[in-house]
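# Tertiary structure, described
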Amino acid sequence: MSPSDSEIVVEDPGEPAEDSPALATNRSVERVAYVALVALALLLGYDNWKSGMGWASDGPQRGYLPFYLSLILGGAALWGLAGTFVARRPAAARSLDRTFITRAQLRRVLQVFLPTLLFVAATQWLGIYVASLLLVALFMRFIGRIAWWKCLVTSLVFAGVMFVVFDVAFDVIMPKGPIEALLGV
Amino acid sequence: MEALNLLMQGFSVLMTWKIMALMLVGLLLGVFVGVLPGLGGPNGVAILLPLTFTMDPTSAIVMLSCIYWGALFGGAITSILFNIPGEAWSVATTFDGYPMAQQGKAAEALTAAFTSSFIGSLVAVVLITFLAPMISSFALKFGPPEFFAVYLLTFCSFVGLGREDKHKTLISMALGLLLAAVGMDTVSGSLRMTFGTEVLMRGVNFLVAVIGLFGISEILLTMEERLALRGHSARIGLSTVLKVWRDLPKYWATLLRSSVIGCWLGITPGGAIAASFMGYNMAKRFSKDPSSFGKGRIEGVFAPETAAHASGTSALLPMLALGIPGSGTAAILLGGLMVWGLNPGPLLFVEHKDFVWGLIASMYLGNVVGLVIVLTTVPLFASILRVPFAAVAPMILVSCAIGAYAIQNAMFDVWLMLGFGVVGYVFKKIGIPLAPFTLALVLGNRSEDAFRLSMIGAGGDMRVFWSNGLVGTLTTLALVLLFWPLIGRLASAVRGPQKPLRA
């Protein structure tokens, strides 16, 4: 069926397959998250206990509230952790057994997360404008499989507009690299 | 009427070319982020906040709040034309909006959605105009104990009344409060939880966290989904608009009911999402023909949209009057106030009259102009969805990075933003709510200050929180709300087993 004029159709060439195998359930991810939260609560609790969690003559010491907040955080996380072993209500058990992510989904998430990581690293050496030009162009080309010339034009226009909006119009100074230095801006 | 005079003054503040232009830009940007997948009200406001850093506060808040109105309008476009709710609060709009579009009545559905958003916001703005000054002048008498009691009430009502698992809400809130305490302790001036690092001395910036939690994580979540979409395009003619508006008086009861629900849930931290569903369900229940809902009934568009926008707008009331945001987006605007050097709270109405009344006046004007813009530009915005996500995603990521960097000119913040992005992604997937975290992070320092100042004032005596009628009532109410689920269970145990109420 060909789309008529009154319809808008967008295809997604790299869409994740429906039948991709599950990599993790909510149960296992929740366990990892709760353990991490308990560890964080212990770390912060210890730090605040060291800096004084008592009650001075004029009220609480600086570590008082954060110490008890760490206790609440740790307690709530332990409660959650226990709940992943003994699910009381059927609804809770169902949600724990739901798939957290499938292999195809993880692939897609990494496809956007890893380039972002590289982009942030590149920003430190190349400045934000050159790095964003690279991110937009390469992402469109390799993830979106869009024609080269469209990628180049889009990324150049985007980086240019960003530069004009932030550095020129609104005076928000961004990190710059060797290429901006070469251009003398 | 003093409020009316002040409002007129507010309008006169707005009547400059610069502010009008910013308003227009804000509305267009707002509709744009509302329509884009993976971006919405809070994300859009958070990402675009850095644009306003160098502006004067009035221009800045006008532009930001217009982005917010625009995003609220924009969410309806994708719900109706594509059956994709741009926001959680537009989910209820798809129930009847999309069937209408399938029946070729997309223009009617869109007009209905925009008009009812407008009405909902208008009711809420009128409420703000008259109620906010009263509440703030009342709150001027508040001392630290009263303020702490109000903060406590806010936190407790989130835990007690939220629909998520209690331990998840608690985790989210405790984490937010803890991160707010990292860095310089404002009372004693010494450092906390910095672990000897220099980067943590400045603390965890609220806006950096928000950009990561809402912006980056939303992109990750969106990538997981199927991005292919199929929908209808629409053009709204003047005759359609007039036809819908002529029928409007018939639905006065629905509009009024939804406005009241929305305002109530917006001021209390119930939120726009709950409001839209409640508005929809109430309209269905009161209807003479409930079975026709879900099949393309125009009332099914009016009800949730009115409630969602009344709620989204009235969430600004406690923020303006007390410095306590009623929603995630309001929390971000509150973060903006602090960046612009304003001190949120009841004194705002006294010390920054121009700012407050300029903002309130811009709510009226922004909604009128917004309505005209969305009615005339729907085809343009619907076609934005033709732009492949592979082109949109990197641009959003870059905007997030620019935003995070610009707040304190620190590269560390960009890394922190990425970290929050991953945390937000995992939290959303395992059902740990982000709203309590946001609220706790933005209110953390102020509530701790209030607590410690009241303790210093009272010589460390906890009874100060019951020292007079007002503060005692607030504190007791907070505790009652905190243990509300337990109290409810006890009460039903005492009354004995009952037949479950039919919803």
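Look up: the structure comes first, before these words.
The paragraphs below set out a description of the structure included in this document. Since the model is a prediction, treat every value here as computed from it, not as a measurement.

## Re the overall build of chain A
Looking only at helices and strands, chain A has seven helices and five strands in total. Counting from the amino terminus, helix and strand elements in chain A follow one another as β-β-α-β-β-α-α-β-α-α-α-α. Relative to the 2.2 N^0.38 estimate, which gives 16 Å for 185 residues, the radius of gyration of chain A is 25 Å and therefore markedly larger than a compact globule would have. Considered along the principal axes of its C-alpha atoms, chain A spans approximately 65 × 55 × 30 Å. Burial analysis of chain A (185 residues in total) assigns 44% to the buried set. Looking at chain A alone, contacts between residues at least 24 apart form 59% of all its contacts between residues at least 6 apart.

## Some points on the packing of aromatic side chains
Throughout the structure, instances matching the rule amount to 21 aromatic pairs over all chains. Seen in terms of ring centroids, Phe148 of chain B and Phe465 of chain B are 5.1 Å apart; in terms of plane orientation they differ by 40°. Their pairing is tilted. Highlighted residues: Phe148 of chain B in helix H7 (residues 144-161) and Phe465 of chain B in the loop between helix H20 (435-458) and helix H21 (469-482), separated in sequence by 317 residues. Both residues of the pair, Phe148 of chain B and Phe465 of chain B, count as buried. Ring centres 6.1 Å apart and planes at 80° place the aromatic pair Phe349 of chain B and Trp357 of chain B in the edge-to-face group. The exposure class assigned to Phe349 of chain B is buried, which follows from its relative accessible area of 8%. What makes Trp357 of chain B buried here is its relative accessible area of 3%. The ring of Phe85 of chain A has Arg31 of chain A lying over it, and the distance from NZ or CZ to the ring centre is 4.0 Å. Positioned above the aromatic ring of Phe100 of chain A is the side chain of Lys429 of chain B, whose terminal nitrogen or guanidinium carbon lies 4.8 Å from the ring centre.

## Remarks on helix H1 (residues 26-50) of chain A
For H1 of chain A, which comprises 25 residues, the first-to-last C-alpha distance of 36 Å matches the rise-based estimate of 36 Å (1.5 Å per residue) to within 8%. Remark: Gly52 of chain A follows H1 of chain A within two positions and exhibits a positive phi of approximately 100°.

## A closer look at the interface of chain B and chain A
Opposite the 70 residues of chain B that make contact, chain A presents 77 residues. Summed over both sides, the interface between chain B and chain A buries roughly 6,400 Å², with carbon and sulfur atoms accounting for 74% of that surface. When residues of chain B are sorted by the area they lose upon contact with chain A, Met223, Arg230 and Ile402 of chain B head the list and together hold 10% of the total. Scanning the region where chain B abuts chain A turns up one salt bridge. In this structure, Glu30 of chain A and Lys168 of chain B form a salt bridge, with 3.4 Å as the shortest nitrogen-oxygen distance.

Definitions and cut-offs
- Residues numbered from 1 in each chain as written.
- Chains lettered and ligands numbered in written order.
- Predicted model: local features only at pLDDT ≥ 70, side-chain atom pairs only at ≥ 80, totals over all residues.
- Heavy atoms only, no water.
- Helix = DSSP H or I, 4+ residues; strand = E, 2+ residues; numbered from the N terminus.
- Rg over C-alpha atoms; globule rule 2.2 N^0.38 Å.
- Buried < 20%, exposed > 50% of the residue type's maximum accessible area, 1.4 Å probe, protein only.
- Contact = heavy atoms within 4.5 Å.
- Phe/Tyr/Trp six-rings, centres within 6.5 Å; stacked < 30°, edge-to-face > 60°.
- Lys NZ or Arg CZ within 6 Å of the ring centre and 35° of its normal.
- Expected span 1.5 Å × (residues − 1).
- Buried area = accessible area lost by both parts, 1.4 Å probe.
- Salt bridge = Lys/Arg side-chain N within 4 Å of Asp/Glu carboxyl O.

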